[in-house]
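Residue strings, one per chain:
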Amino acid sequence: MKNFIFLLICFLLFSCHNRQEKMDLAAANAEAGDSIYYAQGFRIETHADYTLVQIKNPWNKQKILQTYTLVPKSKKLPDTLPEGVLLRTPLEKTVAFSSVVCGMLNELQVLPALAGIAEPEYVPIPEIQERCAGGTLQNIGRASQPNIEKLMLIEPDALFTNPVNEEGAGALGKLAVSTIPCLEWQETHPLGQAEWIRLIGLFFNKKALADSLFFVTVQSYNEWKDRMDIVAYRPTVFMEKKYGDFWYMPGGKSYFAYMLEDAGANYVFKDNTSTGSVPFAFETILDRAGKADFWLFKYYDKQDASYLQLEKEFSNYALFDAYKKHKVYGCNTMKNAYYIEIPLHPDWLLKDLIFIFHPEALPEYSPKYYHSLLFR
């Protein structure tokens, strides 16, 4: 009860601040221009007759991975243009190698411009599934080994790729098609990932819509973050499960570590300096997280996870206090669109996390992704 009263007082104290924040965000939306607020991976430079877009190289920060000069099809091609890949916008026939890009195209209302897709079985967007079944959207196979013949038959304006290293970024260079590497997953701030929709929107002349979608997310995320910034109690939490010989834990500087902090939790590996997943021996995890209050993990299965199934999978899971006290939450990515939605809407996940760690802040909330494990 005391926690509820405390959070209510906090809410009232922040209400004036939030009203001002909404006004500031509305102004930012109207005057966003070329400003980048959270993303580190790209820059935008708007000119009278064209827009210059640069995607930075995350593997060599001294280099630019690719530069694009975007000229609207409605305008005459300027006599002089800067160096870079020339693209006339909006793009009308594209191929997506990433489910996240598909999610962006869906929100930008430009899915008709998608002519090909890699691994559509992992993209639970109804229109995409219907078009694949009807043959109007081509399945180009695996993102790592696309069907080159199909790609050539599509004759796309551009390919939205998802390289995992610098060599992969140029793997399709032999094709006479422009490739646009989508590296939102390299961003360490949750809102940095979400901001990539502003970049993608430029290729379809959807700048205003993309900016609007992004700033709505920023407003929602920061409102909930502000409420959690002043909580007195921060429960401890650890993530994921053992895989093979190692337990891969999000680094202390990863986007999920940011989210745990913003949700009012104390991540037991927050002192780690990595931005990616870090392998640990089971003994290290037990030593650091054995007494942690909560345990969260993602999985992909037809059946929802249970405590009984977890112990059968690896009996030593039962040694954790979170297991003993039934404070384990799982996210079954087979039954939701986690990997499509979270990069665009980190505020949705933030509310799930707040509900887990501080349920009094969201008394009527129904979690969207993470749920308590079944007992059997």
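Here is what the cut-offs are and how they apply
- Residues numbered from 1 in each chain as written.
- Predicted model: local features only at pLDDT ≥ 70, side-chain atom pairs only at ≥ 80, totals over all residues.
- Heavy atoms only, no water.
- Buried < 20%, exposed > 50% of the residue type's maximum accessible area, 1.4 Å probe, protein only.
- Helix = DSSP H or I, 4+ residues; strand = E, 2+ residues; numbered from the N terminus.
- Pairing = 2+ DSSP bridges.
- 1 Å grid on protein atoms, 1.4 Å probe; cavity = no way out; pocket = protein on both sides within 12 Å on 5 of 7 lines; lining within 4 Å.
- Points joined across faces, edges and corners; volume = space filled by probe spheres on them.
- Nonpolar A, V, L, I, M, F, W, Y, C, P; charged D, E, K, R; others polar.
- Phe/Tyr/Trp six-rings, centres within 6.5 Å; stacked < 30°, edge-to-face > 60°.
- Lys NZ or Arg CZ within 6 Å of the ring centre and 35° of its normal.
- Expected span 1.5 Å × (residues − 1).
- Contact = heavy atoms within 4.5 Å.
- Axes fitted to C-alpha atoms, helices over the stretch in contact; angles between N-to-C directions.

(A) Structural view of the pairing of strand 15 (residues 294–299). With respect to burial, strand 15 is a largely interior element, 5 of its 6 residues being buried. In terms of strand pairing, strand 10 (residues 236–239) meets strand 15 through 3 bridges, oriented parallel. Across the sheet, the residue bridging to Val237 is Phe294, located in strand 15. Relative to strand 16 (residues 328–332), strand 15 is paired through 5 bridges, and the arrangement is parallel. Bridging across to strand 16, Lys298 finds its partner in Cys331.

(B) Quick look at empty space enclosed by the protein. One pass over the structure, following the stated rule, counts 1 cavity of 30 Å³ or more. Per-element accounting of the lining of the largest cavity gives the leading share, 3 residues, to helix 8 (residues 207–229). Here the residues of the lining of the largest cavity sort into 5 nonpolar, 2 polar and 1 charged.

(C) The arrangement of the packing of aromatic side chains in detail. All told, the structure shown has 33 aromatic pairs when counted by the stated rule. Centroid distance Trp247 to Trp295: 5.8 Å. Interplanar angle 40°. Geometry classified as tilted. Of this pair, Trp247 sits in strand 12 (residues 246–250) while Trp295 sits in strand 15; the two residues are 48 residues apart in sequence, bridging distant segments of the chain. Under the relative-accessibility criterion, Trp295 is labelled buried at 0%. Look at Phe297 and Tyr299: their rings are 5.7 Å apart centre to centre, the planes differ by 50°, and that puts the pair in the tilted class. Residue Phe297 is classed as buried on the basis of its relative accessible area of 1%. The aromatic ring of Phe314 is capped on one face by Lys242, whose charged end is 4.9 Å from the ring centroid.

(D) Examining helix 14 (residues 346–357) more closely. The end-to-end C-alpha distance of helix 14, which contains 12 residues, comes to 17 Å, matching closely the 16 Å that a straight helix rising 1.5 Å per residue would cover. For helix 14, the complete set of buried residues consists of Pro346, Asp347, Leu349, Leu350, Asp352, Leu353, Ile354, Ile356 and Phe357.

(E) Geometry of the pairing of strand 9 (residues 178–181). The two faces of strand 9 match: Ser178 and Ile180 on one face and Thr179 and Pro181 on the other face are all buried. As paired elements, strand 8 (residues 158–161) and strand 9 share 4 bridges and run parallel to each other. Its bridge partner lying in strand 9, Ala158 is registered against Ser178.

(F) Here's a closer look at the sheet that holds strand 7 (residues 138–139). Judged by pairing direction, the sheet is parallel, and its 5 strands sit side by side in the order 7-6-5-8-9 without closing on themselves. Two strands close off the open sheet at either side, each with one partner strand: strand 7 and strand 9. The pairing of strand 6 (residues 114–117) with strand 7 spans 2 bridges and is classified as parallel. Bridging from a neighbouring strand, Gly116 pairs with Gln138 of strand 7.

(G) Local environment of the sheet that holds strand 17 (residues 371–372). Spatially, 13-10-15-16-17 is the arrangement adopted by the 5 strands of the open sheet, whose pairing is mixed. The sheet is open, and its two edges are formed by strand 13 (266–267) and strand 17, each paired on a single side. Across the sheet, helix 14 lies against strand 10, strand 15 and strand 16, angled at about 145° from strand 15, the strand it touches most.

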